[in-house]
Amino acid sequence: MASIDWQAFALTLRLAALTTVILLVVAVPTASWLVLGRSRLRPLVEALTGLPLILPPTVLGFYLLVLLGPRTAPGRLIGQILGHPLAFSFAGLVVGSCLYSLPFAIQPLAAGFAAIDPNMLDAARLLGAGRVRLVGTVLIPIAMRSLIAAGVLTFLHTVGEFGVVLMLGGDIPGATRTLSIVLYNQVENFDYGAANQTALLMLLLSVVALVLIYSRPRLLSSLPERHHD
Amino acid sequence: MIEMDLRARRGDFTLELACRIDSTWTVVFGPSGSGKTSLLRLIAGLDVPHRGRIEVDGEALTECAQRIHLAPGRRRIGYATQHPALFPHLSVAANIGYGLAALPREERNTRVAKMLDLVGAAGLAGRAPRDLSGGEAQRVALARALAPQPRLVLLDEPLSALDGPTRDQLLDRLKSRLAAQGTQTILVTHDAADALATEAEVVLLDRGRLTGQGPAAAILAAERRRLLDRLSQMTG
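What counts and what doesn't
- Residues numbered from 1 in each chain as written.
- Chains lettered and ligands numbered in written order.
- Predicted model: local features only at pLDDT ≥ 70, side-chain atom pairs only at ≥ 80, totals over all residues.
- Heavy atoms only, no water.
- Core = buried A, V, L, I, M, F, W, Y, C linked by side-chain atoms within 4.5 Å.
- Buried < 20%, exposed > 50% of the residue type's maximum accessible area, 1.4 Å probe, protein only.
- Helix = DSSP H or I, 4+ residues; strand = E, 2+ residues; numbered from the N terminus.
- Domains from an automatic or database assignment.
- Contact = heavy atoms within 4.5 Å.
- Buried area = accessible area lost by both parts, 1.4 Å probe.
- Salt bridge = Lys/Arg side-chain N within 4 Å of Asp/Glu carboxyl O.
- Nonpolar A, V, L, I, M, F, W, Y, C, P; charged D, E, K, R; others polar.
- Polar contact = N/O pair within 3.5 Å; in protein donor to acceptor, adjacent residues only side chain to side chain.

*Asks:* I'm lost on the nonpolar core in this one. Help?
*Replies:* The nonpolar side chains of a soluble globular protein tend to be buried, and buried together. In this structure, Trp25, Val27, Ile96, Leu142, Leu146 and Leu155 of chain B are the most contacted members of the largest nonpolar core, which totals 41 residues. With seven residues, the top contributor of residues to this core is helix α4 (residues 134-146) of chain B. Both domain 1 (1-76 + 154-236) and domain 2 (80-149) of chain B contribute no fewer than three residues apiece to this core. Apart from the residues within four sequence positions on either side, Leu142 of chain B is in contact with Ala80, Val119, Leu155, Leu159 and Leu174 of chain B. Ala105, Ala110 and Leu134 of chain A together with Leu90 of chain B belong to the second largest nonpolar core, which has 38 residues in total.

*Asks:* I keep staring at the domain arrangement of chain B and nothing clicks. Help me out?
*Replies:* A common way to state how big an interface is: give the accessible area lost once the parts meet. Residues and elements named next belong to chain B. What the domain assignment lists for chain B is domain 1 (1-76 + 154-236) and domain 2 (80-149). The centre of domain 1, based on its C-alpha atoms, is set 24 Å off from the matching centre of domain 2. Every contact between the two is made by 15 residues of domain 1 and, on the other side, 13 residues of domain 2. Taking both partners together, domain 1 and domain 2 bury about 1300 Å²; carbon and sulfur atoms supply 59% of that area. Here domain 1 and domain 2 share zero salt bridges between them. Elements supplying a minimum of two residues to the side of domain 1 that touches domain 2: β8 (152-156) and α5 (164-181). Residues of the side of domain 1 that touches domain 2, tallied by class, amount to nine nonpolar, two polar and four charged.

*Asks:* Quick question: what am I supposed to make of the pattern of salt bridges here?
*Replies:* Pairing between side chains of opposite charge can happen when their charged atoms approach one another. Under the counting rule described, the total for this entry stands at 14 salt bridges over all chains. Glu16 of chain B is the salt-bridge partner of Arg209 of chain B, the closest N and O atoms lying 3.8 Å from each other. Taken together, the positions of Arg209 of chain B in strand β11 (residues 209-215) and Glu16 of chain B in strand β2 (residues 13-21) put the pair 193 residues apart, joining distant regions of the chain. Several salt bridges share partner residues, and in doing so they unite Asp122 and Arg125 of chain A together with Arg10, Arg41 and Asp47 of chain B into one network.

*Asks:* Help me understand the interface of chain B and chain A in this model?
*Replies:* Taken together, the contact between chain B and chain A spans 31 residues of the former and 23 residues of the latter. For the pair chain B and chain A, the two sides together bury roughly 2300 Å², of which 58% comes from carbon and sulfur. Broken down residue by residue, the surface that chain B buries against chain A is led by Leu46, His89 and Tyr98 of chain B, which jointly contribute 28%. At the junction of chain B and chain A, the tally comes to one salt bridge. Its salt-bridge partner being Arg41 of chain B, residue Asp122 of chain A comes within 3.0 Å of it at the nearest N-O pair. The tally of links between chain B and chain A comes to five residue pairs in polar contact (both at pLDDT 80 or more). If you list the elements that add at least two residues to the side of chain B that touches chain A, you get α1 (36-44), β7 (77-81), α2 (92-96) and α3 (105-118) of chain B.

Now the structure itself:
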């Protein structure tokens, strides 16, 4: 495993972990709003959060590059605040990853919340639960598998992203060079041995994560019920 | 005392009625699709009428003209239906205690034990909902709805999974307990025997309209005759 770029590996894990945490924090209230809310804006929000699924990553990366770069007012403003442009930086990569992986966090969670018996939600509301308590004590515990699936899918999707990273981050070692970029470079240089090791590492990550998803339901069902004391 | 004058639509169905309910124990009777459940959901605040108002003890719970719609949890209404909908990740005791979060732990535990006793489920406290029978789950759901000591109790065939004698016994016990507390109760049923047995005031619904209100013996006289005829045919 000597030819593995461990710096890129660590950066990829850091990027994926940060993206996953940020997206879960965003996805829980968004998914609960989509399921519990009656707003007319719901179809628009659903469409916007699902857009990255069908949008080519290079297109998303291009728009983000323009938006976060010095050519636009938001980009210049961010640059002034941070002292450097977001494009071609790790922070910019996190922003791009969050947008790119947004549907992978929201959709499994929204599906999990929507599958909960509406009579249960009515019961909780009648017993005095407001929106926050409803989400914390009913939606999340019951849809825990969906929450875990959302987390793992977001993590894996971020580990494997390429188009957005290349467009927005380029290939700066220690800042924006992820495993996908390393693999691309290795193949471009006909270094198939090294490419094989990098690809194998990414494959292992995916398999371990999927095993976690599939084994989690059994772990959960073996947990003792919470008792009222 | 409940006063309402409302109109609510859902798809092709329209519920439109105006009535005042003073009785402590009231039965809403009517055939399937007459609007019984819709009425209870409107009173509970789970659905919103298109126009009208609902008042309980002089307090406006819903007043469409003034855009008042009190949240279900602030109406002090207990609502139990034929679907127990117990929280699957909580024990029976924790389910019953869900609406008692504001009480100190000791008081909460005492209330939970009392409720379990009331519905005849004292041995089930530590059980998980998935280990309960249909009838046990309904008893627990009923206890959960009654635990916060609501001022109004809405029961939508909450004991349908119990056998006749057990259900009658539990309803009798419930009726005496709620009457002693002065808690107004509305029971929905499409079984005339339930309404006649409890000597309740009856609100008769048919296709979304109020078609009668008064003592069970008077309002359900035709149903009573039909039941007696059927019984006499069976006995020969």
